[in-house]
Amino acid sequence: MRHTRNAGWAGVTVAVLVATSACGAEAAKTAVGAASHADTIMAALTRASDKTSRLGSAEVETATTITATGGRPVTMDGTYSWGDGPALDVRMDTASAQMQTLQDDPTMTVKMVDGAYYYEVDPQASGPLKGKHWMRVDVSAVMGQSGVDAMSENADPTAGLRYIGASKNVKDLGKVTVGGKKATHYRGTVDATQINASELSAAEKKTAVKSLASSGGKLTLDVWVDGQDLPVRVKQSGGGITVTMNFVKFGATKPVTAPPASDVGDLSDAVAAQTQ
């Protein structure tokens, strides 16, 4: 911490100096304690991020809430992997996916792999899905190329922990039980100004600010870390969107593969035309 001095200090009496020195000593102890506490928190978050990044995949349960669409949670359960780029294989509510016209089953399988979404559908009588069990849509058709880039750069579900160190108010909210596991709850909020003023590299700052842009410019991140230095739950909130991911089991998941090309109908162009 840097201290500034001005000419007014020269006229301070010895008695005042003695009194303020005592106060200053206590303030210094408090500041050192706060800095040490902050360092301890960041060390815990760094360990969790590093370990999660190395494991590369997990069985997850996720819930996404979007204020603009009424706030009803959209849930997905299945496999998410990030070791070789983002990929998922999950089951979700058909109605939440707005796919009732193409899938009679109340739940459906959704995959994301090799830059495309694959939705399990009932074979149609005509059109591009005639006789097909899967509908393919390029991720870029849904999110745009910038969205694809941001997703790839932040595939690791704990990517936000690398940026939360720029926050000035990361807090340890205590120990709780999540999913049957004892965990410590941490929370931090970060914005572009804090990112740009941080000690992150130029490349990291660019990636972080790009990610924040899709979160309304400000991101609140909650993470619950267990005694094995692994996240039990991660929640990100910003821009009217809240995404909560519970980690059921890390690693040892099956690779996510695309359905057979012969059983896939591609609607990427049609979806891209609607989102333009």
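Note that the coordinates shown come from a computational prediction; the quantities given were computed from them, not determined experimentally.

Break down the overall build of the protein for me, with residues and values.
Secondary structure assignment for the protein yields five helices and twelve strands. The contacts in the protein between residues at least 6 apart in sequence include a share of 52% that link residues at least 24 apart. Here the protein has roughly 15,700 Å² of accessible surface; of this, 54% comes from carbon and sulfur atoms.

So, unusual backbone geometry: which residues are in play, and what are the values?
Its identity is not glycine, yet Gln98 carries a phi of approximately 55 degrees, on the positive side. Mapped onto the secondary structure, Gln98 falls in the loop between β3 (87-93) and β4 (107-113). The phi angle at Asp114 is positive, at roughly 55 degrees, despite the residue not being glycine. With respect to the helices and strands, the residue Asp114 is situated in the loop between β4 and β5 (116-120). What makes Asp114 exposed here is its relative accessible area of 70%.

Requested: an account of the nonpolar core, with residues and values cited.
Leu45, Met99, Tyr119, Met135 and Val223 are the most contacted members of the largest nonpolar core, which has 44 residues in total. Discounting chain neighbours no more than four positions away, the residues touching Leu45 are Leu161, Ile164, Val170, Tyr186 and Val223. Within the second largest apolar cluster, seven residues are counted, among which are Ala87, Val113, Tyr118 and Trp134.

Now, about the sheet that holds strand β2 (residues 74-81): what can you tell me, with residues and values included?
Taken in spatial order, the twelve strands of this open sheet run β7-β8-β9-β10-β11-β1-β2-β3-β4-β5-β6-β12, and their pairing is mixed. Sheet topology places β7 (171-178) and β12 (264-266) at the edges, where each strand pairs with a single neighbour. The average undirected angle you get between the axes of adjacent strands in this sheet is 20 degrees.

Give me the lowdown on the pairing of strand β6 (residues 134-138), citing residues and values where you can.
Along a regular strand, successive side chains alternate from one face of the sheet to the other. The buried fraction of β6 amounts to four of the five residues, a majority that puts the element mostly inside the structure. Bridge count between β5 and β6: five bridges; the pairing is antiparallel. By the bridge assignment for β6, Ala116 is matched with Asp138. Summarising the sheet, β6 and β12 pair through three bridges and their orientation is parallel. Paired with Arg136 across the strands is Asp266, a residue of β12.

Just give me the short version of the pairing of β3, but keep the residues and values in it.
Relative to β3, β2 runs antiparallel, the two sharing six bridges. If you follow Tyr80 over to β3, its bridge partner there is Leu88. Connecting β2 to the antiparallel partner β3 that follows it, the hairpin turn spans five residues, and Gly85 within it adopts a positive phi of roughly 95 degrees. Two elements, β3 and β4, share six bridges in a ladder whose sense is antiparallel. Bridge assignment links Arg91 to a residue of β4, and that residue is Thr109.

Kindly report on the confidence of the model for the protein, identifying the contributing residues and their values.
Residues of the protein with pLDDT of at least 70 account for 76%, and the chain-wide mean is 78. Note that residues 1-35 has pLDDT below 50 and, in this model, one contact with residues that lie over four places away or in other chains.

Lay out the packing of aromatic side chains with the relevant residues and their values.
This structure, assessed with the given rule, holds three aromatic pairs. Ring geometry for Tyr117 versus Tyr119: centroids 6.1 Å apart, planes at 40 degrees, classification tilted. An identical accessibility class is assigned to Tyr117 and Tyr119; each is buried. Centre to centre, the rings of Phe247 and Phe250 are 4.9 Å apart; their planes meet at 15 degrees, and the pair counts as stacked. Phe247 sits in the buried class, given a relative accessible area of 5%. What makes Phe250 buried here is its relative accessible area of 18%. Against the face of Trp224 rests Arg233, its NZ or CZ located 5.4 Å from the ring centre.

Cut-offs and rules
- Residues numbered from 1 in each chain as written.
- Predicted model: local features only at pLDDT ≥ 70, side-chain atom pairs only at ≥ 80, totals over all residues.
- Heavy atoms only, no water.
- Helix = DSSP H or I, 4+ residues; strand = E, 2+ residues; numbered from the N terminus.
- Contact = heavy atoms within 4.5 Å.
- Areas by Shrake-Rupley, 256 points an atom, 1.4 Å probe, with all protein chains shown as cover.
- Buried < 20%, exposed > 50% of the residue type's maximum accessible area, 1.4 Å probe, protein only.
- Core = buried A, V, L, I, M, F, W, Y, C linked by side-chain atoms within 4.5 Å.
- Pairing = 2+ DSSP bridges.
- Axes fitted to C-alpha atoms, helices over the stretch in contact; angles between N-to-C directions.
- pLDDT = per-residue confidence, 0-100.
- Phe/Tyr/Trp six-rings, centres within 6.5 Å; stacked < 30°, edge-to-face > 60°.
- Lys NZ or Arg CZ within 6 Å of the ring centre and 35° of its normal.

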